[in-house]
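# Structure assessment
These are the residues of each chain, in order.
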Amino acid sequence: MSDLTRTVTVDRDLLVAYAAASGDQNPIHQDAEVARSVGLPDVIAHGMWTMGAALELVTDHVGGDPGRILSCQTRFTGMVVVPEGRSVEVLVEGVVTKTDPEAGTETLELTATCAGEKVLGRCQAVVRTGGADA
Amino acid sequence: MSVNPDFAGREYPPAGPFEVTADQITAFADAVGATGAAHRDPAAAQDLGYADVVAPPTFAVRLAQQCEAQLVQDPQAGIDFSRVVHGQEGFVHHRPIVAGDALTGTLHVDTIREAGGHGMVATRVELTDAQGGAVTTVTSTIVVRGEG
């Protein structure tokens, strides 16, 4: 078992950059007025930003080779609220929950919390352990 | 339920091809805080055995969401985008995405069901490369919040 943690920070500028990089220009991730008009407390981060940021822990775990991440999945259980002019921290923790030497794989379970609330649920990745041949 | 259940089981014509560039990969990596050299330095990617810079594990969402737009933006499907929240997302990587790929995505609507007054729409996008090889399977569930 290995324990991994990472804190990532997000602000409005980063959400604008993620919107451009992902093509997801939904205004609830950039415009507080629009976000509030649909019942949200403020601008929220894209769930996929949070998932992408959390998975960097896994990429690190496999030596920076994203090709060793065979699958990953998550549920979106909470919101990362990003007020104007503020940096918001998301704490990501990971643990290896299963190793399968025969298949050459490991399963990692991740949690991500923001302001004490769990924002990703059942976040899991399966990675290839060692060996260079894909 | 406002979402049209007749769309369940539907398969859309392939969308794309989407050209994947090194700049797209690096911009995506920057935005999610993926700091690895393999996302931005071709030599580092080649050391790992890739032809060019390699995408972070959720990069395929950029392509999948363009395919999903065929459903979400279809008035007949009855999806009110202002009421949509993202329920879950999953990726199965058959091989990593690298700069220079030209990927095509085929959208499948796997299930549409109602739960607690909300519409739950589960989709799957199969991304394939120019040779027809499987690259990534992207699954997504969106929740269309009920009016009540």
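Bear in mind that the values here come from a model prediction, so they are computed numbers and not experimental data.

The next point concerns the overall build of chain A. Along chain A, the regular secondary structure elements total three helices and five strands. Going from N to C terminus, chain A has its helices and strands arranged as β-α-α-α-β-β-β-β. For chain A, the spread of C-alpha atoms along the three principal axes comes to 55 × 30 × 20 Å. Taking all 134 residues of chain A together, the buried fraction comes to 50%. Of the contacts formed within chain A by residues at least 6 apart in sequence, a portion of 63% connects residues at least 24 apart. With the model as given, the accessible surface of chain A reaches about 6,200 Å², and the carbon-plus-sulfur share is 47%. Here chain A contributes 10 positively and 19 negatively charged side chains, and the mean placements of these two sets differ by 5 Å.

Moving on: the packing of helix 1 (residues 12-22) of chain A against helix 1 (residues 22-32) of chain B. What describes two packed helices is the angle between their axes and the distance between those same axes. Contact pair helix 1 of chain A / helix 1 of chain B: the axes reach a minimum separation of 9 Å and the direction vectors enclose 150°. Relative to helix 1 of chain B, the element helix 1 of chain A lies roughly antiparallel. Helix 1 of chain A and helix 1 of chain B meet at a crossing whose hand is left-handed. Only Ala-27, Phe-28, Asp-30, Ala-31 and Val-32 of chain B of helix 1 of chain B make contact with helix 1 of chain A, whose side of the interface consists of Leu-14, Ala-17, Tyr-18, Ala-21 and Ser-22 of chain A. Per-class residue counts for the contact of helix 1 of chain A with helix 1 of chain B are eight nonpolar, one polar and one charged.

On to the layout of surface pockets, then. Estimated volume of the largest pocket: approximately 1,000 Å³. Together, 43 residues line the largest pocket, and Asp-24, Asn-26 and His-29 of chain A together with Val-84 and His-86 of chain B are the ones closest to its centre. For the lining of the largest pocket, the elements supplying multiple residues, two or more each, are helix 3 (47-61) and strand 5 (117-128) of chain A together with helix 3 (61-72), strand 2 (84-93) and strand 5 (134-144) of chain B. In terms of residues, the lining of the largest pocket owes the most to one element, helix 3 of chain B, which gives six residues. A class-by-class count of the residues in the lining of the largest pocket yields 20 nonpolar, 18 polar and five charged. Its volume calculated, the second largest pocket comes out at about 190 Å³. Contributing to the lining of the second largest pocket are 17 residues, with Gln-73 and Thr-74 of chain A together with Gln-88, Glu-89 and Gly-90 of chain B lying nearest its centre. Elements supplying a minimum of two residues to the lining of the second largest pocket: strand 2 (69-76) and strand 5 of chain A together with strand 2, strand 4 (118-128) and strand 5 of chain B. Within the lining of the second largest pocket, the residues separate by chemical class into four nonpolar, ten polar and three charged.

This part is about the interface of chain B and chain A. Contacts between chain B and chain A engage 32 residues on the former and 30 residues on the latter. Surface buried jointly by chain B and chain A totals about 2,400 Å² across both partners, of which 57% is contributed by carbon and sulfur atoms. Of all residues in chain B, Ala-31, Val-32 and Pro-57 of chain B bury the most surface against chain A, accounting for 21% of the area lost on that side. On the surface where chain B and chain A come into contact, there are zero salt bridges. Across the contact surface, chain B and chain A share eleven residue pairs in polar contact (both at pLDDT 80 or more). At the level of elements, helix 1, helix 3 and strand 2 of chain B are the ones that each hand at least two residues to the side of chain B that touches chain A. Tallying contributions element by element places strand 2 of chain B first for the side of chain B that touches chain A, with eight residues. By residue class, the composition of the side of chain B that touches chain A is 16 nonpolar, twelve polar and four charged. Pairing of strand 2 of chain A with strand 2 of chain B, which is carried by five bridges, proceeds in the antiparallel orientation.

With that out of the way, let us pick up the pairing of strand 5 of chain B. Residues and elements named next belong to chain B. Of all the eleven residues making up strand 5, nine are buried; the element is thus mostly covered by neighbouring parts of the structure. Relative to strand 5, strand 2 runs antiparallel, the two being bridged by nine bridges. By the bridge assignment, Phe-91 is partnered in strand 5 with Val-138. As judged from the ten bridges shared by strand 4 and strand 5, these two strands associate in the antiparallel manner. Residue pairing in the sheet places Gly-119 in a bridge with Val-144 of strand 5. Joining the antiparallel neighbours strand 4 and strand 5 is a turn of five residues, in which Gly-132 adopts a positive phi near 85°.

What follows is about the UniProt feature "domain: MaoC-like" (unreviewed entry) in chain A. Under the UniProt annotation, "domain: MaoC-like" (unreviewed entry) lies at residues 6-111 of chain A. Overall, residues 6-111 of chain A shows 30% helix and 31% strand. The separation of its end C-alpha atoms is 11 Å.

Let's shift gears to the environment of Pro-5 of chain B. Its location among the elements puts Pro-5 of chain B in the segment before strand 1 (15-19). Taking the C-alpha atoms as reference points, Pro-5 of chain B and Asp-47 of chain B, separated by 42 residues in sequence, lie 49 Å from one another.

Scoring rules and cut-offs
- Residues numbered from 1 in each chain as written.
- Chains lettered and ligands numbered in written order.
- Predicted model: local features only at pLDDT ≥ 70, side-chain atom pairs only at ≥ 80, totals over all residues.
- Heavy atoms only, no water.
- Helix = DSSP H or I, 4+ residues; strand = E, 2+ residues; numbered from the N terminus.
- Buried < 20%, exposed > 50% of the residue type's maximum accessible area, 1.4 Å probe, protein only.
- Contact = heavy atoms within 4.5 Å.
- Areas by Shrake-Rupley, 256 points an atom, 1.4 Å probe, with all protein chains shown as cover.
- Lys, Arg positive; Asp, Glu negative; His and termini not counted.
- Charge placed at Lys NZ, Arg CZ, Asp CG, Glu CD.
- Axes fitted to C-alpha atoms, helices over the stretch in contact; angles between N-to-C directions.
- Parallel < 35°, antiparallel > 145°, perpendicular 65-115°, else oblique.
- Left-handed = near helix turned anticlockwise from the far one by under 90°.
- Nonpolar A, V, L, I, M, F, W, Y, C, P; charged D, E, K, R; others polar.
- 1 Å grid on protein atoms, 1.4 Å probe; cavity = no way out; pocket = protein on both sides within 12 Å on 5 of 7 lines; lining within 4 Å.
- Points joined across faces, edges and corners; volume = space filled by probe spheres on them.
- Buried area = accessible area lost by both parts, 1.4 Å probe.
- Salt bridge = Lys/Arg side-chain N within 4 Å of Asp/Glu carboxyl O.
- Polar contact = N/O pair within 3.5 Å; in protein donor to acceptor, adjacent residues only side chain to side chain.
- Pairing = 2+ DSSP bridges.
- UniProt positions renumbered as here; feature names shortened; annotations may be inferred.

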